[in-house]
Amino acid sequence: MKVGIFSGSFNPIHIGHMVLANFITEFTDIDEVWFLVTPQNPLKEDTILLDENTRFEMTKLALAEYPKLKASDFEFSLPKPSYTIHTLEALSEAYPENTFALIIGADNWEAFDRWRDFEEILEQYRIYVYPRFGYRISISKKLKDRVEALNSPVIEISSTFIREALIKGKNMHAFLSESVHKYIIEKGLYL
């Protein structure tokens, strides 16, 4: 099976994440997308980062009705901070029957040469780059067989926007799955 790895804090997971992953499973050769909830991103500072188990629970709730989309806590047991190359290697070792590919946004692709062991990632794994407003996806000819620019819908919803709106008491129901919205309200998250 070909598995796309969509890694992030998912703080919280929102409909933009789900639309993108659904597009990928329906319009590319990726069979499943695994949402890897990250304990800590080495390139981001921790700001209002809910604990990993709460974020994982929200991700499971959001994806429960989508058989091709899976929530994963795989990185929770890896050394922190989690670097993508280590995660991909550990996944390949744990699930040798699968082929793994990396899913990243155009913003991350622009900074990809700053990632730890980025050349090794390019050599060993296929990369799918989804569009983001304000970023152009430029792929050199020598990488065309390893990196693919996706023609996916651009949905510019950020978890930061949702968190900030929730803090201000705004209704963010339309931006979240029903189950995640209910969970956030019941637990009083981001309030």
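Before going into details, it helps to say that this report is about the structure given with it. (Residues numbered from 1 in each chain as written. Predicted model: local features only at pLDDT ≥ 70, side-chain atom pairs only at ≥ 80, totals over all residues. Heavy atoms only, no water.)

Looking at the pairing of strand E5 (residues 126-130)
The buried fraction of E5 is high, at five of five residues. The sheet contact formed by E5 and strand E6 (residues 147-149) spans three bridges and is parallel. What sits directly across from Tyr128, in E6, is Glu148. (Buried < 20%, exposed > 50% of the residue type's maximum accessible area, 1.4 Å probe, protein only. Helix = DSSP H or I, 4+ residues; strand = E, 2+ residues; numbered from the N terminus. Pairing = 2+ DSSP bridges.)

Notes on the packing of aromatic side chains
Taken as a whole and judged by the stated rule, the model has 14 aromatic pairs. With a centroid separation of 5.5 Å and an interplanar angle of 80°, the aromatic rings of Phe6 and Phe10 are classed as edge-to-face. Residue classification places Phe6 among the buried positions, given a relative accessible area of 5%. Arranged with centres 4.9 Å apart and planes meeting at 25°, the rings of Phe23 and Phe27 form a pair that is stacked. Note that Phe23 and Phe27 are positioned in helix H1 (residues 15-27) at a spacing of four residues, about one turn of the helix. Its relative accessible area of 15% is what places Phe23 among the buried residues. Residue classification places Phe27 among the exposed positions, given a relative accessible area of 63%. (Phe/Tyr/Trp six-rings, centres within 6.5 Å; stacked < 30°, edge-to-face > 60°.)

Re the pattern of salt bridges
For the coordinates displayed, the defined rule picks out nine salt bridges. In this structure, Lys2 and Asp29 form a salt bridge, with 3.0 Å as the shortest nitrogen-oxygen distance. Placement of the pair is Lys2 in strand E1 (residues 2-8) and Asp29 in the loop between H1 and strand E2 (32-37), with a sequence separation of 27 residues. A relative accessible area of 44% places Asp29 in the partly exposed class. Where Asp107 meets Arg132, a salt bridge forms, and the shortest distance between an N and an O atom there is 3.3 Å. With Asp107 in helix H4 (residues 106-110) and Arg132 in the loop between E5 and E6, this residue pair connects regions lying 25 residues apart in the sequence. The exposure class of Asp107 is partly exposed, given its relative accessible area of 23%. Salt bridges sharing partners connect three or more residues here, namely Asp107, Arg132 and Glu156. (Salt bridge = Lys/Arg side-chain N within 4 Å of Asp/Glu carboxyl O.)

Re the sheet that holds E2
Reading across the sheet, the six strands line up as E3-E2-E1-E4-E5-E6 and stay open at both edges, with parallel pairing between neighbours. Sheet topology places strand E3 (69-72) and E6 at the edges, where each strand pairs with a single neighbour. For this sheet, the mean angle separating the axes of adjacent strands, direction not counted, is 25°. Of the strand pairs in this sheet, E1 and E2 are connected by six bridges, and their pairing is parallel. Across the sheet, Ile5 pairs through a bridge with Trp34, a residue of E2. (Axes fitted to C-alpha atoms, helices over the stretch in contact; angles between N-to-C directions.)

Re unusual backbone geometry
That bond from Asn11 to Pro12 is cis: its omega, 5°, falls within 30 degrees of zero. As for its position among the elements, Pro12 is in the loop between E1 and H1. Located in the positive-phi region is Phe10, a residue other than glycine, with phi close to 45°. Looking at Phe10, the relative accessible area reads 3%, which means it is buried. A positive phi is found at Asp117, a non-glycine position, where the angle reads about 55°.

Things to note about the packing of helix H2 (residues 52-63) against helix H7 (residues 178-187)
For the pair H2 and H7, the least separation of the axes is 7 Å and the interaxial angle reads 145°. Between H2 and H7 lies a crossing whose hand is right-handed. Together, Thr54, Glu57, Met58, Leu61 and Ala62 of H2 and Ser179, Val180, Tyr183 and Ile184 of H7 make up the contact between the two elements. Of the residues contributing to the contact of H2 with H7, the split by class is six nonpolar, two polar and one charged. (Left-handed = near helix turned anticlockwise from the far one by under 90°. Contact = heavy atoms within 4.5 Å. Nonpolar A, V, L, I, M, F, W, Y, C, P; charged D, E, K, R; others polar.)

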